[in-house]
Amino acid sequence: MITKETIDKVYDAVRVEEVIGDYVQLKRAGSNFKGLSPFSDERTPSFMVSPVKQIWKDFSTGKGGNAIAFLMEHEHFSYPEAIRYLAKKYNIEIEETQRTDEEKEALNERESMFLVTEFASQYFQKQLWESEEGKAIAWTYFKERGFTNDTIKKFGLGYSPNVWDALTKEAQAQGYQLEFLEKTGLTIVGEDKTFDRFKGRVMFPIQSMSGRVLGFGGRILTNDKKAAKYLNSPESDLYHKSKVLYGISHAKQAIAKNDNCYLVEGYTDVIQMHQTGIENVVASSGTALTPDQIRLVSRLTKNITVLFDGDAAGLRASLRGIDLILEEGMNVKVCTFPDGDDPDSFAKKTPLQDLVAYLDTNAKDFIQFKASLLMNEAKNDPIKKADLIRDMVVSISKIPDRIKREVYIQECSRIMDISEDVLFNTLAQLLKKDLEELGKKHKEEQKAFEVHRNETPNQPVEGVNIQLLLERKIIEMLLLYGDSEDDFEDVLIKADENGEMVEVKEMNRYKVFHRIYLSLQEDEIELAHTGFKQIYDDVIQYFYSNENFELDQYIAQLPPELSQEVTGILMNEEREVLHNWEAKNILVKGKDQSIGQYVTETILTLRWYWVNQIIDELKKEISPEADSDNTSTLEMIVDYLGLTNVFSKKLGRVISRHRLN
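These numbers were taken from a predicted model, which means no experiment stands behind them.

K.L.:
I'd love a proper account of the packing of aromatic side chains, names of residues and values included.
P.N.:
What the rule picks out here adds up to 25 aromatic pairs. Relative to Tyr 267, the ring of Phe 204 has its centre 4.9 Å away and its plane inclined at 20°; by these criteria the two rings are stacked. Highlighted residues: Phe 204 in strand β9 (residues 201-207) and Tyr 267 in helix α12 (residues 267-276), separated in sequence by 63 residues. Take Phe 204 and Tyr 267: they sit in the same class, and that class is buried. Put simply, the rings of Tyr 141, Phe 142, Phe 147, Phe 155, Phe 204, Tyr 230, Tyr 246 and Tyr 267 pair up and form one aromatic cluster.

K.L.:
Summarise the sheet that holds β9; cite the residues concerned and give the values.
P.N.:
Taken together, four strands build an open sheet; the order of strands is β6-β9-β10-β11 and the sheet is antiparallel. Of all strands in the sheet, those with a lone pairing partner are β6 (158-160) and β11 (230-232), marking the two edges. On average, each strand axis in the sheet is tilted by 35° relative to the strand beside it, whichever way the strands run. Those strands touched by helix α7 (residues 132-144) are β6, β9 and β10 (213-220), and its axis lies near 130° from that of β6.

K.L.:
Describe the pattern of salt bridges, and please don't skip the residues or the numbers.
P.N.:
In this structure the tally under the stated criterion is 21 salt bridges. Between Asp 22 and Lys 89 there is a salt bridge, with the nearest N and O atoms lying 2.7 Å from each other. Of the two residues, Asp 22 is situated in the loop between α2 (16-21) and β1 (27-29) and Lys 89 in helix α4 (residues 79-89); the sequence distance between them amounts to 67 residues. Under the relative-accessibility criterion, Asp 22 is labelled buried at 5%. On the accessibility criterion, Lys 89 (27% relative accessible area) is partly exposed. With its nearest N and O atoms 3.2 Å apart, the salt bridge here joins Lys 511 to Asp 483. Pair noted here: Lys 511 is in strand β18 (residues 501-511) and Asp 483 is in the loop between α22 (466-481) and β17 (485-495), with a separation of 28 residues, a long-range link.

K.L.:
I'd love a proper account of the sheet that holds strand β16 (residues 364-365), names of residues and values included.
P.N.:
Spatially, the five strands line up as an open sheet ordered β13-β12-β14-β15-β16, and their pairing is mixed. On the outer flanks of this sheet lie β13 (281-283) and β16, each paired with one strand and no other. Here two bridges tie strand β15 (residues 331-336) to β16, and the two strands are oriented antiparallel to one another. What sits directly across from Val 334, in β16, is Lys 364. Its contacts with the sheet put α12 on β12 (261-264), β13 and β14 (303-308), and the angle it makes with β13 is roughly 170°.

K.L.:
Could you give an account of the nonpolar core, naming the residues involved and the relevant values?
P.N.:
Ile 20, Leu 71, Leu 86 and Phe 366 are the most contacted members of the largest nonpolar core, which totals 71 residues. The dominant element in this core, judged by the number of residues it contributes, is helix α18 (residues 366-378), at six residues. Non-local contacts of Leu 71, meaning those with residues more than four positions away in its chain, are made with Val 19, Tyr 23, His 76, Phe 77, Ala 82, Tyr 85 and Leu 86. Within the second largest apolar cluster, 52 residues are counted, among which are Val 116, Tyr 141, Phe 142 and Cys 335.

K.L.:
I'd love a proper account of α22, names of residues and values included.
P.N.:
The end-to-end C-alpha separation of α22 is 22 Å, in line with the 22 Å expected for 16 residues at 1.5 Å each. Among the 16 residues in α22, twelve count as buried, and that is most of the element. By the burial criterion, the buried members of α22 are Gln 467, Leu 469, Leu 470, Glu 471, Arg 472, Lys 473, Ile 474, Ile 475, Glu 476, Met 477, Leu 478 and Leu 479.

K.L.:
Describe the side chain of Gln 293, listing the residues and the values that go with them.
P.N.:
Checked against the element boundaries, Gln 293 lands in helix α13 (residues 291-298). A distance of 3.2 Å separates the side chain of Gln 293 from the backbone oxygen of Lys 241, its partner in a polar contact. Setting aside residues up to four positions removed in sequence, Gln 293 forms contacts with Lys 241, Ser 242, Lys 243, Val 244, Leu 245, Ser 284, Thr 287 and Ala 288.

K.L.:
Please give an account of helix α11 (residues 248-258) that cites residues and values.
P.N.:
When α11 is considered as a whole, its buried residues turn out to be Ile 248, Ser 249, Ala 251, Lys 252, Ala 254 and Ile 255. On its buried side, α11 packs onto α4, β9, β12, α12, β13 and α13. Asp 259 lies just past α11 and shows a positive phi near 55°.

K.L.:
Before we move on, could you go through the environment of Ser 208 and cite the residues and values that matter?
P.N.:
Turning to its location among the elements, Ser 208 is positioned in the loop between β9 and β10. Measuring from C-alpha to C-alpha, the distance between Ser 208 and Lys 243 comes to 9.5 Å, with 35 residues separating the pair along the chain. With residues up to four places along the chain from it excluded, the contact list for Ser 208 reads Glu 75, Leu 214, Ile 248 and Ser 249. Among the polar contacts listed, one links the side chain of Ser 208 to the side chain of Ser 210, at a separation of 3.1 Å.

K.L.:
Describe the pairing of β10, listing the residues and the values that go with them.
P.N.:
The element β10 is largely enclosed, with a buried count of eight among its eight residues. Bridge count for β9 against β10 is seven bridges, and the pairing is antiparallel. Counted as the bridge partner of Met 203 is Gly 218 from β10. Where β9 folds back on β10, the antiparallel hairpin that results is connected by five residues, among which Gly 211 adopts a positive phi of roughly 100°.

K.L.:
Go over the layout of surface pockets with me, naming the residues and quoting the values.
P.N.:
The volume enclosed by the largest pocket comes to roughly 1500 Å³. The wall of the largest pocket is formed by 46 residues, among which Glu 81, Arg 84, Tyr 85, Lys 88 and Arg 212 lie closest to the centre. Among the elements of the structure, α4, α5 (101-106), α6 (109-130), α8 (149-154), β9 and α11 are those that each provide at least two residues to the lining of the largest pocket. Looking at the lining of the largest pocket, the element that brings in the most residues is α6, giving nine residues. For the lining of the largest pocket, the residue count by class is 19 nonpolar, twelve polar and 15 charged.

K.L.:
An account of the packing of α22 against helix α24 (residues 530-545) is needed here, citing residue identities and associated values.
P.N.:
Where α22 meets α24, the axes come as close as 10 Å, and the angle between the chain directions of the two elements is 20°. Between α22 and α24, the angle is such that the two are roughly parallel. Pair α22 / α24 crosses with left-handed handedness. Here Leu 468, Glu 471, Arg 472, Ile 475, Leu 478 and Leu 479 of α22 come into contact with α24, specifically with Phe 532, Ile 535, Tyr 536, Val 539, Ile 540 and Phe 543. Along the lines of polarity and charge, the residues of the contact of α22 with α24 split into ten nonpolar, no polar and two charged.

Parameters at a glance
The residue count restarts for each chain, going from 1 along the sequence in the order it is written. With pLDDT at 70 or above as the cut-off, local features in this predicted model cover only qualifying residues; side-chain atom pairs require 80 or more to be listed or tallied, and sums for whole chains, interfaces and linings still use all residues. As a convention, hydrogens and water are excluded, and side-chain values are obtained from all of the structure's heavy atoms. Here a Phe, Tyr or Trp ring, Trp counted by its six-membered ring, pairs with any other such ring whose centre lies within 6.5 Å, and the pair is stacked when the planes are under 30 degrees apart, edge-to-face when over 60, and tilted otherwise. Only DSSP runs of H or I covering at least 4 residues are called helices, and only runs of E covering at least 2 are called strands; the numbering of each starts at the N terminus. For the exposure calls, accessible area comes from a 1.4 Å probe over protein chains only, and a residue counts as buried if that area is under 20% of its type's maximum, exposed if over 50%, partly exposed in between. Note on pairing: two strands pair once DSSP finds at least 2 bridges between them. Think of each axis as a best-fit line through the C-alpha atoms, taken over the contacting stretch in the case of a helix, with angles from 0 to 180 degrees between the N-to-C directions. By the convention used here, residues are in contact when the closest approach between their heavy atoms is within 4.5 Å. Salt bridge, as applied in this entry: a Lys or Arg side-chain nitrogen positioned within 4 Å of an Asp or Glu carboxyl oxygen. Take the buried residues of types Ala, Val, Leu, Ile, Met, Phe, Trp, Tyr and Cys, join any two whose side-chain atoms come within 4.5 Å, and each joined set is a nonpolar core. Expected helix span is taken as 1.5 Å per residue step, with the number of steps being one fewer than the number of residues. Polar contact is the term for a pair of N or O atoms within 3.5 Å; when the atoms are in protein, one must be able to donate a hydrogen and the other to accept it, and sequence-neighboring residues count only if both atoms are side-chain atoms. Points on a 1 Å grid, built from protein atoms alone, make a cavity when a 1.4 Å probe fits but cannot get out and make a pocket when they are open with protein on both sides within 12 Å along at least 5 of 7 lines; residues with an atom within 4 Å of a point are the lining residues. Grid points are joined across faces, edges and corners, and a volume is the space filled by probe spheres set on the points. Each residue receives one of three labels: charged for Asp, Glu, Lys and Arg, nonpolar for Ala, Val, Leu, Ile, Met, Phe, Trp, Tyr, Cys and Pro, and polar for the others, Gly being one of them. In this scheme, roughly parallel covers angles under 35 degrees and roughly antiparallel covers those over 145, while 65 to 115 is roughly perpendicular and the rest are oblique. Helix crossings fall into two classes, left-handed where the near helix is turned counterclockwise from the far one by less than a right angle and right-handed where it is turned clockwise.

In short, shape yes, function no, at least from these values alone.
Have a look at this one:
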């Protein structure tokens with residue numbers, strides 16, 4: 001178990017914007033940062049990060065929390081795993097106590113699978129560096145590829161012995177269960193025997209964006225024609241090849257920094273480029289490019305440069321991938337290498353400065369690349385040229401941005417020497433067809449919705465719930481200012497010099513949370529919203545039980561449902577949909593307004609609203625019949641109306657004092 005001292009050091013060091021910046025391209029938005037949600041497919045940023053509050057909120061999914069909550073949501077870390085990851089990121093030495101048997105048993109299946117893949121990765125590396133077979137076969141192979149020892153270690157390259165069950169036996173001897181060896185695909189379990197999937201192969205660990213081992217790629221070095229040259233881990237709860245990019249954990253910071261991602265095909269392409277000095281490069285690992293892989297990059301940059309070798313057949317087959325990139329709203333360029341070269345071989349023989357210059361000079365916009373590639377095929381055949389032009393317009397139609405589409409149509413017109421009108425008409429036909437298909441899909445969904453709606457009773461549409469918004473403000477004040485002190489006005493009943501009882505106004509200093517608690521207790525007000533009441537009770541108890549209030553640590557100890565509710569409240573001011581508070585009789589803290597004034601106004605407004613609600617309920621009790629006695633009800637209404645007048649005067653006095661100040 002990790003010690004509390006280590007956890008405290010992690011909390012002190014971590015910066016939420018730095019942690020999330022490794023996964024999402026963040027742009028400054030006032031005092032906050034914004035970016036595309038890593039939890040949903042969106043093109044308009046709704047993901048907000050607050051460096052001041054050290055929290056994040058994803059308005060598209062409702063998720064939110066601190067840096068640890070992000071890692072637990074995005075990387076499916078357990079709490080200890082998130083702490084370990086951050087400790088490593090911020091170079092904090094981990095101190096821990098011995099894990100109990102109960103804690104070991106508490107590890108869930110997914111965590112157990114990660115433990116197995118991490119063990120396997122370390123085992124393969126050990127075999128490469130320490131076994132005679134590994135050094136003779138794997139180390140020699142990597143050296144022939146031109147990889148240095150530092151590069152081999154950086155990418156965790158290894159070797160799986162040419163023995164049927166070497167890994168399986170060692171893993172079981174170390175206490176790892178066969179069940180999880182099988183589920184990760186490392187071991188194949190037959191009816192009468194078990195054996196290692198990657199027997200006799202050099203190993204490439206495939207990692208998530210955070211560096212966790214998801215699976216492996218293995219290359220055989222013998223000329224066994226019955227065996228696949230490359231073999232990947234099978235699909236599992238950890239490894240989904242369509243959602244993984246090789247090298248992303250090593251490339252993410254360079255991609256964000258350079259605002260560009262180089263996309264190659266194989267493992268060695270990535271490794272060689274990194275070794276040369278170009279680190280913003282990832283590979284699709286020999287699989288066809290997928291939308292999920294593109295979205296992985298889109299969190300870090302909107303620019304992709306696809307690197308191809310000079311094989312014309314391979315280039316033609318890769319055009320579909322370019323269309324997919326365009327469809328995701330990305331900017332795409334293409335760079336090819338001389339015949340006989342691929343990114344691996346070219347980077348190996350080219351100094352960094354020359355390689356950078358080559359990529360900058362030869363990277364073509366996709367429209368130029370596609371035109372030059374297909375024109376060679378069309379030559380002087382007008383039919384083929386017409387098909388080529390239509391093919392190019394199809395690619396342009398994939399671009400979501402209308403302005404970009406128009407610019408590319410103009411560029412296509414210039415390159416292909418054809419009128420813009422013809423191209424625009426072709427584009428319009430394609431878009432119309434897409435719209436018709438979308439419309440048909442929408443009608444089908446609407447029809448299903450209508451059926452569902454008719455099966456359920458109609459629900460009244462609610463207007464703005466002022467009490468809900470005020471209660472949200474109460475929680476927000478507790479979280480942001482609860483531990484602060486400020487001056488509050490108290491009205492006391494005292495005897496004057498003549499012995500008469502009069503009101504005396506005094507300014508006294510309170511902790512904000514204490515003042516809020518006393519004020520609500522005074523009027524016996526309970527928050528109506530169940531979630532807010534739960535948070536209110538929890539945070540008040542937390543304040544009275546702890547000497548110091550650390551917001552990020554408070555959020556970390558909350559259950560997930562409350563954590564999301566809390567971050568939603570704290571990031572609420574970032575939502576433009578919640579505005580014009582004054583028009584709703586809800587007071588908002590101004591820049592020149594003290595915390596005490598802000599708290600007093602909000603509580604008075606809540607009291608005023610609460611009393612008016614009681615008056616409305618009492619009015620419903622008045623009977624219109626002549627012989628009915630409504631006296632007591634009317635007297636209560638008069639009393640409550642007097643109370644609202646008191647609140648109004650107090651509000652007016654506080655607001656006036658605020659404006660004069």
